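Coordinate analysis (summary)
Each chain is listed here by its residues.
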Amino acid sequence: MKKLLSISLAAVLALSMAACGGSSSSEATVEEADTAAEESSDESAAIDGTVSVFYYTYSDTYISSVRTALDAAFDAAGISYQDYDSNASQTTQTEQVSTAIAQGASVLVVNLVDSGSDDAAQNIIDLASAQNIPVIFFNRSVSEEVITSYDGNGVFVGTDYELAGHMQGQLIGEYLVENYDAVDLNGDGTISYVMFKGQEGNAEAIARTQFGVEDANAVLTEAGYPELSFYDASNTNLYLVDQGGLWSSAAANDYMQTILSQYSEANGNMVELVIANNDEMAIGAITALQNAGYNAEGGEGTVIPVFGVDATDAAKAAIQAGTMTGTIKQDADGMAEAIEVISENYMTGAETFDGIDEANVVGTWRVNIPYGTYTGEE
C-alpha cells in the first residue's frame, strides 16, 4: 500500500518520536521522519480505524519476517496500521502502548518484550481495557489467566511452544542414529553437544532447551546409544544463554569462538553437535565453526550438525548449502495471517475467530500456528 508521504514534516516528526521507542531526544532527524512515514499505512484505508503493532525488537530476524508479512496482510485488507519498535525495552513498549491509545488506536497487537511476565502483559491489558480496545498478543507467550481477564477482548496468537522442542529433539535423535559414527569425532561413543538458549524466563526458550535434549536422548537410548553429553561438565545449567535476551547470532558466535579455543578435534573434546533455540543463534554458531575450518559449503570436510528453530530464509539457505542440518519451521506468514484476520474481526464487529481454522483455536483465548520440520528435502 502506498505510504503516508504527503503529511507535513511536523506530523511526521511527531509520529517518529512515538514509534522509534528508544530515543530520548526531543528532536527527530529527517531519516527518522522518513522511517516513521514508511511504517504508517494509507489514510484512505477501506476499514475504519488503526491497528497499532508493537514489536519487541525489529532486529530479530524471525520477528522481522512476521512484520513484513503482517504489513502486507494489512495492506491487502485495506487496514491502516502503525508499527512500533520497542527496542527490547518493556518500559518503552508500555509507553508506546499508552501513546497509541491516546492517539485513538482501534486494536493493539503486542509482541511482548518481557516474555513470561504476567505483570507486563496485565499492565497492557489494564491500559487497553480502560478504553475498551482489543488486544492481540503474539509470538511471546502470555498466560491464559491474563488473556481471559479481558473477557473476550484479548487473544494470544502463537504456537504450541513445547511442540517445537519435541519436534527438534525427535529430528536430532533420528539424525544421530543414522549418522552416529560420523558425528562422534573422537570415537568415545558419546556425542558432545552445546545448547544455546535464547532468553531466561522465556517459555519458548525453556521448553526448547528441555525437550530438544530430552527427546533426542529418548530416541538415542531406544536405539541403544548413550544420552548426549554437555561439552562442559562444570556447567550445571547445561546451556549457554544470550545475556541480552535477543536470541542473537552475535551471542552464539561469541560463545562458539570461545568454545573452539579450548575444545577441538586435536584435544579430543570437540563439540560434536550444536542445538540452538532459534535460527539466528544457529547461524552465529555456524559462522564461528566456518572460521575454524568446519561446515564448509557443499558439506566438504568436517560438518558439525547444527539445528535451530524458525526456518528463516538464512537458515533454509544454510541447510541447502550443507552448512546447517535442520530446523523447525515457525510459520511467520501463518502467524501474520491470523493476526490480520482477528484484527479485522475486531474492527468490523465479526466473531473473534471467524476465518480462523477451528483446528488451531484453543478455547476462547488462543490460536496456535502449526510447526513443521525443514531439512531441505521437502
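Let me begin by describing the structure that accompanies this report. (Residues numbered from 1 in each chain as written. Predicted model: local features only at pLDDT ≥ 70, side-chain atom pairs only at ≥ 80, totals over all residues. Heavy atoms only, no water.)

Another point: the overall build of the chain. Broken down by element type, the chain carries 12 helices and 14 strands. Buried residues in the chain amount to 54% of all 378 residues. Look at the contacts in the chain between residues 6 or more apart in sequence, and 73% of them connect residues 24 or more apart. In the structure as shown, the chain presents an accessible area of about 15,600 Å², 45% of it carried by carbon and sulfur atoms. (Helix = DSSP H or I, 4+ residues; strand = E, 2+ residues; numbered from the N terminus. Buried < 20%, exposed > 50% of the residue type's maximum accessible area, 1.4 Å probe, protein only. Contact = heavy atoms within 4.5 Å. Areas by Shrake-Rupley, 256 points an atom, 1.4 Å probe, with all protein chains shown as cover.)

Moving on, we get to the environment of Val-341. Examined against the element boundaries, Val-341 turns out to sit in helix α12 (residues 332-348). For the pair Val-341 and Asp-354, spaced 13 residues apart in sequence, the C-alpha to C-alpha distance is 7.8 Å. Among residues more than four places away in sequence, those in contact with Val-341 are Asp-354, Gly-355 and Ile-356.

Close contact between helix α4 (residues 90-102) and helix α5 (residues 118-129) brings their axes to 10 Å; oriented N to C, the two are set at 10°. Between α4 and α5, the angle is such that the two are roughly parallel. Each of Gln-90, Gln-93, Thr-94, Val-97, Ser-98 and Ile-101 in α4 lies in contact with α5, whose residues at this interface are Ala-120, Asn-123, Ile-124, Leu-127 and Ala-128. For the contact of α4 with α5, a count of residues per class yields 6 nonpolar, 5 polar and no charged. (Axes fitted to C-alpha atoms, helices over the stretch in contact; angles between N-to-C directions. Parallel < 35°, antiparallel > 145°, perpendicular 65-115°, else oblique. Nonpolar A, V, L, I, M, F, W, Y, C, P; charged D, E, K, R; others polar.)

Now for the packing of aromatic side chains. Considering all chains together, one arrives at 10 aromatic pairs under this definition. Taking the centre distance of 6.1 Å and the plane angle of 25° together, the rings of Phe-196 and Tyr-255 count as stacked. Placement of Phe-196 in strand β6 (residues 192-197) and of Tyr-255 in helix α9 (residues 249-260) is noted, with a sequence separation of 59 residues between them. Taken together, Tyr-193, Phe-230, Tyr-231 and Tyr-263 form an aromatic cluster joined through their ring pairs. Over the ring of Tyr-58 we find Arg-67; its NZ or CZ atom is 3.8 Å from the centre of that ring. Its end group placed over the ring of Tyr-239, Lys-197 keeps NZ or CZ at 4.4 Å from the ring centre. (Phe/Tyr/Trp six-rings, centres within 6.5 Å; stacked < 30°, edge-to-face > 60°. Lys NZ or Arg CZ within 6 Å of the ring centre and 35° of its normal.)

Take the pattern of salt bridges next. One pass over the full model with this rule turns up 2 salt bridges. A salt bridge links Asp-83 to Arg-67; the nearest nitrogen and oxygen atoms lie 3.4 Å apart. Of this pair, Asp-83 sits in strand β2 (residues 79-85) while Arg-67 sits in helix α3 (residues 61-77); the two residues are 16 residues apart in sequence, bridging distant segments of the chain. We note a salt bridge from Glu-200 to Lys-197, for which the minimum N-O separation is 2.9 Å. When its relative accessible area of 6% is taken as the criterion, Lys-197 is described as buried. (Salt bridge = Lys/Arg side-chain N within 4 Å of Asp/Glu carboxyl O.)

Pairs of packed helices are described in terms of their axes, by the angle between the two and the distance that separates them. It is the contact of helix α7 (residues 161-183) with helix α8 (residues 203-222), at a shortest axis distance of 7 Å, that shows an interaxial angle of 30°. Judged by the sense of rotation from one axis to the other, the crossing of α7 with α8 is right-handed. A breakdown of the residues in the contact of α7 with α8 according to their chemical character gives 12 nonpolar, 7 polar and 5 charged. (Left-handed = near helix turned anticlockwise from the far one by under 90°.)

Moving on, we come to the pairing of strand β1 (residues 47-55). On a regular strand, one side chain projects to one face of the sheet and the next to the other, so that they alternate. Bridge analysis of β1 against β2 gives 7 bridges, and the strand direction is parallel. Counted as the bridge partner of Tyr-55 is Asp-85 from β2. Between the parallel elements β1 and β2, the chain passes through α3 in a crossover that is right-handed. Strand direction decides the pairing type here: β1 and strand β3 (residues 107-110), joined by 4 bridges, are parallel. (Pairing = 2+ DSSP bridges. Right-handed = clockwise from strand over helix to strand, strands pointing away.)

Moving on: the sheet that holds strand β4 (residues 135-138). Strand order in this open sheet of 7 strands is β2-β1-β3-β4-β5-β13-β12, and the pairing throughout is mixed. Every other strand in the sheet has two partners, leaving β2 and β12 (361-362) as the edge strands with one partner each.

What follows is about the nonpolar core. Membership of the largest hydrophobic core comes to 87 residues, with the highest contact counts inside it found for Val-157, Phe-196, Leu-228, Met-256 and Val-274. Broken down by element, the residue count for this core peaks at 9 residues, all from α12. Every residue in contact with Val-274, bar those within four places of it in the chain, is listed here: Val-194, Phe-196, Met-256, Ala-285, Leu-289, Ile-304, Pro-305, Val-306 and Phe-307. Ala-100, Val-110, Ala-121 and Val-142 belong to the second largest nonpolar core, which has 23 residues in total. (Core = buried A, V, L, I, M, F, W, Y, C linked by side-chain atoms within 4.5 Å.)

Another point: unusual backbone geometry. Notably, Asn-87 is not glycine yet its phi reads approximately 55°, a positive angle. With respect to the helices and strands, the residue Asn-87 is situated in the loop between β2 and α4. Since its relative accessible area comes to 44%, Asn-87 is described here as partly exposed.

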